[in-house]
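Listed below are the residues making up each chain.
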Amino acid sequence: MGNLLSRLSVPPTSPEEAGAWRTAWNASYVEGRRAAAVAAMHQAAANITAVVRQLRDGGLIAATTSVQDLVHCVSGHLQPRLYPDTPLVSLALQYFRRPNAVPTYLQLLHACQRHMAIELVVNVDSPHEGRLWANVSAATGGAVVPVLSYNVHELRSYNRMTGMARGKYIVLLQDDDKLMPEDCSWLPKLVAQFESMPALAMVGMNGFQLGHGEGNDRDFNNWRDPKTGNTMMFAFQVDLAPIAFRRSALRAVGGFDEGISDPGECGIWSDWELTIRMWVAGWHVAFMPLVYKSRATPNETSGTHKPETGVRCWGRQQNVASACYMGRWGAGFGASGAGRFLEKLENHVRLTNLRLLQGAYPAGTCPFRKGCGLDGDPPLPAQYNYSYAAIPHAMVVA
């Protein structure tokens, strides 16, 4: 390290040496990295020593086994997320022709970087803006990672970005939203919740459902995680966007189902369908009221509400995707008939809330239409025993 610092402070005389040691780093930056590495090394050494001691005490390894004896075993698999420059969170932005909003996304990136290591992966669906995003990437030292596509739109965009992302957690964003509060103070709370609940795979921050239809109290302010103190609810379904994932869980279930949306079309119903798959795979899905949204470009219409795209998304694409959803998971609630599976899942979500969270709803009341008993699956009250296919169309818009 001392030799490196000396080379940084004294410019080499030969052209070859000058080229070999050309860098934008300075002595204070290198010293900071060195100090962080030393601290990490000491912490890792303490952790390893503690684990070896536990193994010895448990009779799992010989009493004479040293840390050095285990180096070859533990060095066979590295942990990439422990590399110094690996982001903890990847912000993933679906972008299409909104150059006036680019400063909003950069402000979000810089605000979040003050809290933790962050990258911003951007699916650029308008590749003619590639020069713009290349310059942005260079200006941020590579913290912005553009993925140049051509009008693949939501589902394929999300899957591409999550394949590129390096963060342990991924937050999906849409280019017409501006997240508040602007200081990104919501992100540490989100990460703390993921870290506190290893089974938590998906967190919606836009909207959620506790079941299809009425009868459940959706007042999330009545629920809190006793470990983190965060306000939250486990949700039957959550809505895009913003929406956050544990990257390993999203990959484990295969990401978004690209089969329910043609390239260039919106991803309506995909968020609900993915939520069900997460629960089926054994993961948990929650809603957290961490952010609220304003328009990133106030004078521009949302992409799915423009005349040329609105009917295709909220009409044709919704019909295609909802038919796939109901064909896969069911189309009704009640003691018999298609959709009984979804009723059982709603009950599972109800029990998960009651068992893992601290309820603060008024005494003598219960927020769930199946009651607050901690066992069993009570029958659905008669007034909520309906066929999902018979729900008025306006009630099932994702």
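Conventions and cut-offs
- Residues numbered from 1 in each chain as written.
- Predicted model: local features only at pLDDT ≥ 70, side-chain atom pairs only at ≥ 80, totals over all residues.
- Heavy atoms only, no water.
- Buried < 20%, exposed > 50% of the residue type's maximum accessible area, 1.4 Å probe, protein only.
- Helix = DSSP H or I, 4+ residues; strand = E, 2+ residues; numbered from the N terminus.
- Pairing = 2+ DSSP bridges.
- Disulfide = S-S within 2.5 Å.
- Salt bridge = Lys/Arg side-chain N within 4 Å of Asp/Glu carboxyl O.
- pLDDT = per-residue confidence, 0-100.
- Contact = heavy atoms within 4.5 Å.
- Axes fitted to C-alpha atoms, helices over the stretch in contact; angles between N-to-C directions.

## Details of the pairing of strand β11 (residues 243–246)
On a regular strand, each side chain points to the face opposite its neighbour's, so the side chains alternate between the two faces of the sheet. Burial along β11 is two-sided: the residues Ile243 and Phe245 and Ala244 and Arg246 are all buried. Note that strand β4 (residues 169–174) and β11 share four bridges and pair antiparallel. The residue of β11 that forms the bridge with tyrosine 169 is arginine 246. Bridge analysis of strand β6 (residues 200–204) against β11 gives three bridges, and the strand direction is antiparallel. Considered in β11, the bridge of valine 203 is made with alanine 244.

## Remarks on the state of the cysteines
Enumeration over the complete set of coordinates arrives at three disulfides. Each sulfur of the disulfide joining cysteine 366 and cysteine 372 lies 2.1 Å from the other. Of note, the bridge from cysteine 366 to cysteine 372 carries an S-S torsion of about 100° and is right-handed in sense. Look at cysteine 366 and you get partly exposed, because its relative accessible area is 33%. Ordering the disulfide-forming cysteines of the protein chain by sequence position, one finds them joined as 1-2, 3-4, 5-6.

## A look at the pattern of salt bridges
Applying the stated rule across the entire model yields 19 salt bridges. In this structure, aspartate 257 and arginine 328 form a salt bridge, with 3.0 Å as the shortest nitrogen-oxygen distance. Linking aspartate 257 in the loop between α9 (247–252) and α10 (270–280) with arginine 328 in helix α11 (residues 307–329), this pair joins segments that are 71 residues apart in sequence. A salt bridge links arginine 355 to aspartate 375, with the nearest nitrogen and oxygen atoms 4.0 Å apart. Note that arginine 355 is positioned in helix α12 (residues 340–356) and aspartate 375 in the segment after β14 (358–359), a separation of 20 residues in sequence. Each member of the pair, arginine 355 together with aspartate 375, is exposed. Put simply, Asp257, Glu273, Arg277 and Arg328 are held in one network by salt bridges that share partners.

## Remarks on the confidence of the model for the protein chain
In this model, the protein chain carries an average pLDDT of 87, and 89% of its residues clear a pLDDT of 70 or more. Contacts from residues 388–398, a stretch scored under 50 in pLDDT, to residues over four places away or in other chains number 28 contacts.

## Section: the sheet that holds strand β1 (residues 89–95)
Taken together, eight strands build an open sheet; the order of strands is β3-β2-β1-β4-β11-β6-β12-β9 and the sheet is mixed. Edge positions in the sheet fall to β3 (144–148) and β9 (233–234), since each has one partner strand and no second. In this structure, strand β2 (residues 118–124) lies alongside β3, joined through five bridges in parallel fashion. Across the sheet, valine 122 pairs through a bridge with proline 146, a residue of β3. Strands β1, β2, β4, β6 and β11 of the sheet are contacted by helix α8 (residues 186–196), whose axis makes an angle of about 150° with β6.

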